[in-house]
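Examination of the molecular architecture
What follows is each chain in one-letter form.
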Amino acid sequence: MKLLHQKWFYVIADGILSILTFYMAAILRFAGVVDPEYLVHMPSVAVVAAGTLILGGLLCGTYNSLWSYMGFDEMFRQLGAACVSALVLFMIKLMGAVPISGSMVVIYCVLAFFFTTAVRGLSRFSRWCGARWEIHTGKSLPAVVVGAGNAGSVVIRRLQDSPMEGFYPVALVDDDPMKQGRRISGIPVAGPVSNIAKVCDKYGAKQIVIAIPTATEEQLNHIHKVCATTKLPVKLFQNVNDIDDYFRGNSRALRDISIEDLLFRDTVKPNMAPVYEFLRGKCVLVTGGVGSIGSEICCQVLEHGCSHLVIFDIHENGLFAINEELKEKYPADRYSLCIGSVRDEKRLAELMERFHPDMVFHAAAHKHVPMMELNPMEAIKNNVFGTKYVLEACAAYGVKRFILISTDKAVNPTNIMGATKRMAELLVQSMNGQGGCEMAAVRFGNVMGSNGSVVPTFRKQIEAGGPVTVTDKEMRRYFMTIPEAVSLVLSAGTLAKGGEVFVLDMGKPIKIYDLACSMIRLAGYEPEKDIPIKIIGLRPGEKLFEEIALDNEIVDHTSHDKIFVLRNHYAGLQLPIEELKVQLQNQNGQAARNLVFTTIEQARG
């Protein structure tokens, strides 16, 4: 309703101003002494001027513009409206219907454009005054903007017009020497990024905003390291769309820098169209569906069009939590929540009979290396036999495709967790094709922020004041963000024909020590100075470096440039499952462990 009232205000204002400016043009043209012949016809011509100016405004769309954000586009539209009105008056002059001076029409056009634009500029002027008042009363904090490019200039202009955003720009910093010493909308580019501490001190800044959407991981790390010396809050616009979203009211679009930004600035964004086509109309079952990877798979398969999702997990609280998240986005009939264990064959058969899934993602697993070293039999029961029971259920009930979520710890494993995941891969390859089910595995490394991962552990240690514990300064791991990893898993699922082990392009391995340093700086501290880092040595079963492929596995390309396939199949491979079951029944953990390692070693040939 407010916008409708605003439109009528501008229509009425244009009508009044056009009449006044027409008379003013006549007075200026004739130096205050208007010919009586003109005076006779001026009222009717003034009404025509008013009508045509309003018509011009409608044709040029000036009444649909948000004049509180007026720019050149809005001004050109208003000039067009004035020109339409002047053109009609010229036509009247040429027709000779009434006497009109051509120079008077030109003066009228200029004045009409000036005054109608000035009236519209009052809206922006009021916002500017509001911003100044917010600054004067201390409700908005002074901020330095990093980046004087297109994004930075947009942020500057929008902040100057938006008094309620909580901060306002006082200076910019940019490494481009051509921009330094200049001004953008009156705000000085006060120097390079390396001088940000001096700039913040000089201008009394209380906030830093990074507005360089094109910054690489290396550049963002450098910028953040310099900004951290100021001890000021640092916010980030990740892309240009975030800027628009923020000023439309989405406060989350301007956010704190995350560890993912510093380590994975150039994240993989695969084309998900094939995934959408593949999942459309299919029923999907996800085991371990409330874990870090499983829950993201659930969210993405729903987003990409599966007809029904079955979320299967033994954790009641996790199922409750994921339901709270999903019910806000999706109708209840699009997914089912099912409690149970992958070690329960009857429960698996019940689910298969009830839902008849077309595709199964098997993410249920015990994954923590030290914990599984203490409980090797539980790792075998869950990771080996749980996988076997799910595979048998898929074969028995006509599931079209099965995808195992595996790990780089399955390569040359030194711990029981990795060894059991390698056994699970061998089960997938040896049972592939049974019941017409295409069975494959996807192998990748660590994911940032997953349950029990190093990131939340470091975060807690930093919050407690340290020390941050690192096993070895040279320890390296492959990392991905959870959404990125799952997107590639789903993409790999569309490529599977059965029997493959896919590996994902994990980029370069990251030193855990460097990760700890980055997280300490992210929290506003200096490593080893404010927060100590303690080297505690390798834990049982840990390796300094993880690998993605065995020596006898040939890594080959697929149609996706970030997904590779390992050429080494084990169809028909006889695994000592029954003997392993006997060892578990006899509670002979060491014998069961030895048998697992012997089996995977024999499989290497």
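To be clear, the structure that these remarks concern was listed above.
Residues numbered from 1 in each chain as written. Predicted model: local features only at pLDDT ≥ 70, side-chain atom pairs only at ≥ 80, totals over all residues. Heavy atoms only, no water.

As a further point, take the nonpolar core. The biggest cluster of nonpolar side chains holds 53 residues, and the ones touching the most others in it are Ile380, Phe402 and Leu580. Sorting elements by how many residues they give to this core places helix 15 (residues 376-396) first, with eleven residues. Those residues in contact with Leu580 that lie beyond four places of it in its chain are Ile380, Val384, Phe385, Met423, Ala592, Leu595 and Val596. In terms of nonpolar packing, the next biggest core, distinct from the first, is built from 44 residues, Val284, Leu309, Leu319 and Tyr335 among them. (Core = buried A, V, L, I, M, F, W, Y, C linked by side-chain atoms within 4.5 Å. Buried < 20%, exposed > 50% of the residue type's maximum accessible area, 1.4 Å probe, protein only. Helix = DSSP H or I, 4+ residues; strand = E, 2+ residues; numbered from the N terminus. Contact = heavy atoms within 4.5 Å.)

Our focus in this paragraph is unusual backbone geometry. Here Gly466 and Pro467 are connected by a cis peptide whose omega angle stands at 0°. By the element assignment, Pro467 lies in the loop between helix 17 (454-463) and strand 15 (468-470). The phi dihedral of His356 falls on the positive side, at around 45°, and the residue is not glycine. Along the chain, His356 falls in the loop between helix 13 (345-355) and strand 11 (359-362). The class of His356 is partly exposed, set by a relative accessible area of 43%. Positive phi is not limited to glycine here, since Asn412 has a value of about 45°. Inspection of the secondary structure puts Asn412 in the loop between strand 12 (401-407) and helix 16 (416-431).

Right, let's talk about the pattern of salt bridges for a bit. Pairing between side chains becomes possible if they bear opposite charge and their charged atoms approach one another. According to the stated counting rule, one finds 13 salt bridges in the structure shown. As a salt-bridge pair, Glu350 and Arg347 come within 2.9 Å of each other at their nearest N and O atoms. Taken together, the residues span about one helical turn, with Glu350 and Arg347 both in helix 13 at a distance of three residues. With a relative accessible area of 17%, Arg347 lands in the buried category. (Salt bridge = Lys/Arg side-chain N within 4 Å of Asp/Glu carboxyl O.)

A word on the packing of aromatic side chains. According to the stated counting rule, one finds one aromatic pair in the structure shown. For the ring pair Phe385 and Tyr389, a centre distance of 6.2 Å and an interplane angle of 45° mean the geometry is tilted. With Phe385 and Tyr389 both in helix 15 and four residues apart, this pair spans about one turn of that helix. When the ring centre of Phe278 is taken as origin, the NZ or CZ atom of Lys282, which lies over that ring, is 4.7 Å away. Note that Lys473 overlies the ring of Tyr513, its terminal NZ or CZ placed 4.8 Å from the centroid. (Phe/Tyr/Trp six-rings, centres within 6.5 Å; stacked < 30°, edge-to-face > 60°. Lys NZ or Arg CZ within 6 Å of the ring centre and 35° of its normal.)

Before going further, it helps to examine helix 20 (residues 577-585). Those residues of helix 20 lying buried are Ile577, Leu580, Gln583 and Leu584. Each buried residue of helix 20 lies within a common arc of 120° when the element is viewed along its axis, so the set occupies one face. In helix 20, the exposed positions angled more than 90 degrees off the buried face are occupied by Glu578 and Gln585. On its buried face, helix 20 is in contact with helix 15, helix 16 and helix 21 (589-603). Within two residues after helix 20, Gln587 carries a phi angle of roughly 60°, on the positive side. (Arc of directions from axis to C-beta.)

Now for the pairing of strand 13 (residues 438-444). The side chains of a regular strand alternate between the sheet's two faces. The element strand 13 is largely enclosed, with a buried count of six among its seven residues. Read from strand 12 through helix 16 to strand 13, the crossover connection turns out right-handed. Note: strand 13 against strand 18 (residues 501-504), three bridges, orientation parallel. Among the inter-strand pairings, Ala441 is bridged to a residue of strand 18, identified as Val501. (Right-handed = clockwise from strand over helix to strand, strands pointing away. Pairing = 2+ DSSP bridges.)

Attention now goes to the packing of helix 16 against helix 21. The relative placement of two packed helices is expressed as an angle between their axes plus a distance between the axes. Following both chains from N to C, one finds helix 16 and helix 21 inclined at 50°, their axes separated by 10 Å at the closest point. With respect to helix 21, the axis of helix 16 lies oblique. Relative to helix 21, helix 16 is oriented so that their crossing is left-handed. Taken together, the residues of helix 21 that come into contact with helix 16 (itself represented by Ile416, Ala419, Thr420, Arg422, Met423 and Leu426) are Arg593, Val596, Phe597, Thr599, Ile600 and Ala603. Its residues placed into classes, the contact of helix 16 with helix 21 shows eight nonpolar, two polar and two charged. (Axes fitted to C-alpha atoms, helices over the stretch in contact; angles between N-to-C directions. Parallel < 35°, antiparallel > 145°, perpendicular 65-115°, else oblique. Left-handed = near helix turned anticlockwise from the far one by under 90°. Nonpolar A, V, L, I, M, F, W, Y, C, P; charged D, E, K, R; others polar.)

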